[in-house]
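Tertiary structure, described
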Amino acid sequence: VLLRLPDGKTTVLPLTALAADDAEFARLAQASMQDAQALGPQTLQVQTGLEDGWIARLGTRATGKDSPWIFAGETIYLLRGKQSLEPGDILEAQTLFPAGQRTYLPLDSDATVIRAFALELEEAATAAFNVRQAAGADTTKLAPQVVEPLVQTVSIHGLALPLGKGYYLIERSLLKNATTLMLHENAKDFPLNVVKEDAALDLVLVSCPHEMEPVRLIPRQPAQIGQSVFAVSIPLTSTRKNLGPPTLTRGIVSKTGTGASFEHDAVIAPEAIGGYLLSERWEVLGVFFRSRSRVEKAPASPRSSSPEAQPEPALPQVLHSRFLEQILLVGEKGSQRRLPGVPAPRSGSLGDAPKPVIDLLRASTALVIATREEKRDPPARKPTAVSPAAAAGDGSAQFSLSSSGIRHNTKCRYFNAAKACQATDGHPCKLCGG
């Protein structure tokens, strides 16, 4: 074994020179590293969050290099390390270090033995070592149980529009039963404090220790029916950790009305979580919010929408940006005053060419992530059927014993004729009752 000493020097010792525990740890680390190299880089998607890790699925590309990923491969248990992940997150080309096995107990199906991995070698070796120490001579404990929680975490992603001096406008629905409310910018999270809610505009004014430069949000002329407009839709990246490149479409204003919103026929990207409507003079005529949520048992697509999302109207609606100033007013009508210290939205054009304007809007828009917890009832589990031969233990059926101490009969898809055992060895499989 090669040891790196505190002074930076290295020394080589025979494995027998180490204490038994240290020698076992070294063997596990070596085996994990070799298995990781044999497995090669893997791309996976987080499916379910557990107390100490995540359930994930390995992915494969459909056809070629640029084809989409399909996450229908092996289900694995990924140990919770330093990284912060959510259901739907995708990890590309990761080295996975084996960390033993786990018995996964989902709420809606039977227990399954799955492989455990970590993104760091030391973390994998430590986890495998701790399991072996806890199991001792009892091989049935080499795959400890991990249980899907009854409380699921729902993450909601939305847009935050900076006003300057650490103030932002966000969608009001983000506050519903929220346990956390964070602004995510430059790979950092900043807590948000609610300053004022406006039910009529469905907006919330929040403050944050992180400041961003705002853009001009107020047009010099309001939107007119038949006016040509551009819709800038802002989606999430595939990892759902950042805002993606905006898309630009063109249309016309179809209805202005007397309320705070108006209609247009420009196509809004279905994966967008919000965006802007611009005039031909590159002034912001309106803004729209389309927060998206991800729950523990959501479909595999990272772009699945909130189950609470309302059906889209026949024509998209946006909020008149000139109404944004209303949330900054306090007091009774006729004696209203502006909130002290909050900058007022500025008016004017954003530029004279599409690309610089789109880049400016993207740089001046932030991602806000809210989370809430929802409880669910576990489904009734089916009683496990035990074969008569297994119950009698008379040896009339053939059994095999897995490395985790589970016995299977010849009718089970996990039966291994090379690992024969008696009916009383290990504990029965929940699939075949062996």
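Looking only at helices and strands, one finds four helices and 31 strands in the protein chain. Relative to all contacts within the protein chain whose residues are 6 or more apart in sequence, the contacts with residues 24 or more apart total 64%. Put simply, the protein chain shows about 22300 Å² of open surface, and 52% of that area lies on carbon and sulfur atoms.

A separate point is the pairing of strand β4 (residues 53-58). Within a regular strand, side chains alternate between the sheet's two faces. The buried fraction of β4 is high, at five of six residues. Relative to β4, strand β3 (residues 42-49) is paired through five bridges, and the arrangement is antiparallel. For Gly49, the partnering residue across the bridge sits in β4 and is Trp54. Between β3 and the antiparallel strand that follows it, β4, lie three residues.

Turning our eyes to something else, we now look at the side chain of Ser207. Mapped onto the elements, Ser207 comes out in strand β17 (residues 203-207). Residue Ser207 is classed as buried on the basis of its relative accessible area, which comes to 18%. Beyond its immediate chain neighbours, meaning those up to four positions away, Ser207 contacts Gly166, Tyr167, Pro191, Leu192, Asn193 and Val195.

A few words now on the sheet that holds strand β11 (residues 145-147). Strand pairing in a sheet is mediated by backbone hydrogen bonds. Such pairs are either parallel or antiparallel. Ordered by their spatial adjacency, seven strands build an open sheet running β8-β3-β4-β7-β10-β9-β11, and the pairing between neighbours is mixed. Edge positions in the sheet fall to β8 (90-94) and β11, since each of these pairs with one other strand and no more. On average, each strand axis in the sheet is inclined to that of its neighbour by 40°, with strand direction left out of account. Strands in contact with helix α2 (residues 121-135) are β7 (75-79), β9 (97-105) and β10 (112-118); relative to β9, the strand with the most contacts, it is inclined by about 55°.

So, about the confidence of the model for the protein chain. For the protein chain, per-residue confidence averages 85 on the pLDDT scale, and residues scoring 70 or more make up 89% of the total. Note that residues 296-311 has pLDDT below 50 and, in this model, 37 contacts with residues that lie over four places away or in other chains. Note that residues 381-395 has pLDDT below 50 and, in this model, 22 contacts with residues that lie over four places away or in other chains.

Another point: the sheet that holds strand β31 (residues 427-428). Pairing is mixed in the open sheet, where four strands are placed in the order β30-β28-β29-β31. If you trace the sheet from one side to the other, it starts and ends with β30 (420-421) and β31, each paired once. Inspection of the sheet shows strand β29 (residues 406-409) paired to β31 by two bridges, in the parallel sense. Its bridge partner lying in β31, Arg407 is registered against Pro428.

To continue, consider the packing of aromatic side chains. The description of an aromatic ring pair uses the distance of the two centres, along with the angle that the planes make with each other. Counting across every chain of the model gives three aromatic pairs. A centroid spacing of 4.8 Å and a plane angle of 20° characterise the contact between Phe230 and Trp282, whose relative ring orientation is stacked. Taken together, the residues span a long stretch of sequence, with Phe230 in strand β18 (residues 228-235) and Trp282 in the loop between β21 (272-279) and β22 (284-289) at a distance of 52 residues. By relative accessible area, which is 11% here, Phe230 ends up buried. Using a relative accessible area of 8% as the deciding quantity, one classes Trp282 as buried. Over the face of the ring belonging to Trp54 we find Arg80, whose NZ or CZ atom lies 4.2 Å from the ring centre.

Most of β18 sits out of view: seven of its eight residues are buried. Note: β18 against β21, seven bridges, orientation antiparallel. Note that in β21 the partner of Ser233 across the bridge is Gly275.

Here we take up the nonpolar core. Judged by nonpolar contacts, the single largest core of 35 residues is most densely connected at Leu163, Leu205, Tyr276, Leu278, Val287 and Leu361. Every element with two or more residues in this core is listed here: β12 (151-164), β13 (167-171), β17, β18, β21, β22, α3 (354-363) and β27 (366-375). In this view, Leu205 contacts Leu163, Tyr167, Tyr168, Leu169, Asn193, Val194, Val195, Lys196, Ile327, Leu328, Leu339 and Val342; residues no more than four positions away in its chain are not counted. Ranked by size, the runner-up nonpolar core spans 17 residues in total, among them Leu174, Leu181, Val206 and Val368.

Phi at Lys165 is positive, roughly 60°, even though this residue is not glycine. Within the secondary structure layout, Lys165 lies in the loop between β12 and β13.

Moving on, we get to the environment of Glu92. Relative to the elements of secondary structure, Glu92 occurs in strand β8. Residue Glu92 is classed as partly exposed on the basis of its relative accessible area of 43%. Setting aside its immediate chain neighbours within four residues, Glu92 contacts Gln42, Thr43, Trp69 and Ser238.

With that settled, the discussion passes to the layout of surface pockets. In this model, the second largest pocket occupies a volume close to 700 Å³. In terms of lining, the second largest pocket is formed by 32 residues, of which the most central are Thr112, Val113, Ser404, Ile406 and His408. Counting only elements with at least two residues in the lining of the second largest pocket, the list comes to β9, β10, β28 (399-401), β29 and β31. Here the element with the most residues in the lining of the second largest pocket is β10; it accounts for four residues. Looking at side-chain class alone, the lining of the second largest pocket contains twelve nonpolar, 13 polar and seven charged residues.

Criteria and cut-off values
Residues numbered from 1 in each chain as written. Predicted model: local features only at pLDDT ≥ 70, side-chain atom pairs only at ≥ 80, totals over all residues. Heavy atoms only, no water. Helix = DSSP H or I, 4+ residues; strand = E, 2+ residues; numbered from the N terminus. Contact = heavy atoms within 4.5 Å. Areas by Shrake-Rupley, 256 points an atom, 1.4 Å probe, with all protein chains shown as cover. Buried < 20%, exposed > 50% of the residue type's maximum accessible area, 1.4 Å probe, protein only. Pairing = 2+ DSSP bridges. Axes fitted to C-alpha atoms, helices over the stretch in contact; angles between N-to-C directions. pLDDT = per-residue confidence, 0-100. Phe/Tyr/Trp six-rings, centres within 6.5 Å; stacked < 30°, edge-to-face > 60°. Lys NZ or Arg CZ within 6 Å of the ring centre and 35° of its normal. Core = buried A, V, L, I, M, F, W, Y, C linked by side-chain atoms within 4.5 Å. 1 Å grid on protein atoms, 1.4 Å probe; cavity = no way out; pocket = protein on both sides within 12 Å on 5 of 7 lines; lining within 4 Å. Points joined across faces, edges and corners; volume = space filled by probe spheres on them. Nonpolar A, V, L, I, M, F, W, Y, C, P; charged D, E, K, R; others polar.

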